[in-house]
Amino acid sequence: DARGTFEEFQQKILAGPMPEIGGTGDGLTLSLAGRRLCWGEKPGFHEEWLFEGPFMDAKVGERVIHMKAGGYPARTLDFNDYAITESR
């Protein structure tokens, strides 16, 4: 694949600085090396979620992203210790 493998992406992430999750309730941010990757509106009903969807979710402050899609292994990216796990 011309875009590379997941393992190559993983190595680039591991070689860089740790991502930063911040915000005060007026907006949540996920930044990597000073670049804002995503942001959110003021938290509402589900204040504990940084984002929550059918394929990906992450709770505020956990520094963990869970990814899932039917027929594929579920994958968890843990930015606390840069661990990646898969399960069926």
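Being a predicted model, the structure only gives us computed values, none of them experimental.

(A) Just the sheet that holds strand 7 (residues 74-78), in detail. The 5 strands lie next to each other as 4-5-6-7-8, forming an open sheet whose pairing is antiparallel. The sheet is open, and its two edges are formed by strand 4 (49-52) and strand 8 (83-87), each paired on a single side. For this sheet, the mean angle separating the axes of adjacent strands, direction not counted, is 15°. Both strand 4 and strand 5 (residues 56-59) contribute to a ladder of 3 bridges, which runs antiparallel. The residue of strand 5 that forms the bridge with E52 is D57.

(B) Representation of the nonpolar core. Counting 6 residues, the largest nonpolar core consists of I13, L50, A58, I65, L77 and F79. Ignoring any residue separated from it by four or fewer positions in sequence, one finds A58 in contact with W49, L50, F51, V64 and I65.

(C) Here's a closer look at the pattern of salt bridges. Under the criterion given, the structure shown has 2 salt bridges. Residue D57 pairs with K68 through a salt bridge whose shortest N-O separation is 2.9 Å. One end of the pair, D57, is in strand 5; the other, K68, is in the loop between strand 6 (64-67) and strand 7, and 11 residues separate them in sequence. Of the residues examined, K68 reaches a relative accessible area of 36% and is grouped as partly exposed. Across the pair R75 and E86 runs a salt bridge, and its minimum N-O distance is 2.0 Å. Note that R75 is positioned in strand 7 and E86 in strand 8, a separation of 11 residues in sequence. For E86, a relative accessible area of 47% corresponds to the partly exposed category.

(D) Looking closely at unusual backbone geometry. Even without glycine at this site, R63 takes up a positive phi of about 60°. Within the chain, Y82 stands out as a residue other than glycine whose phi angle is a positive 55°. With respect to the helices and strands, Y82 occurs in the loop between strand 7 and strand 8.

(E) View of the environment of H66. Mapped onto the elements of the fold, H66 is located in strand 6. Residues H66 and E86 lie 20 residues apart in sequence; the distance between their C-alpha atoms is 9.9 Å. H66 has contacts with F55, M56, D57, R75 and T76, leaving out every residue within four places of it along the chain. Reaching out from H66, the side chain makes a polar contact with the side chain of T76 at a distance of 3.4 Å.

About the thresholds
Residues numbered from 1 in each chain as written. Predicted model: local features only at pLDDT ≥ 70, side-chain atom pairs only at ≥ 80, totals over all residues. Heavy atoms only, no water. Pairing = 2+ DSSP bridges. Helix = DSSP H or I, 4+ residues; strand = E, 2+ residues; numbered from the N terminus. Axes fitted to C-alpha atoms, helices over the stretch in contact; angles between N-to-C directions. Core = buried A, V, L, I, M, F, W, Y, C linked by side-chain atoms within 4.5 Å. Buried < 20%, exposed > 50% of the residue type's maximum accessible area, 1.4 Å probe, protein only. Contact = heavy atoms within 4.5 Å. Salt bridge = Lys/Arg side-chain N within 4 Å of Asp/Glu carboxyl O. Polar contact = N/O pair within 3.5 Å; in protein donor to acceptor, adjacent residues only side chain to side chain.

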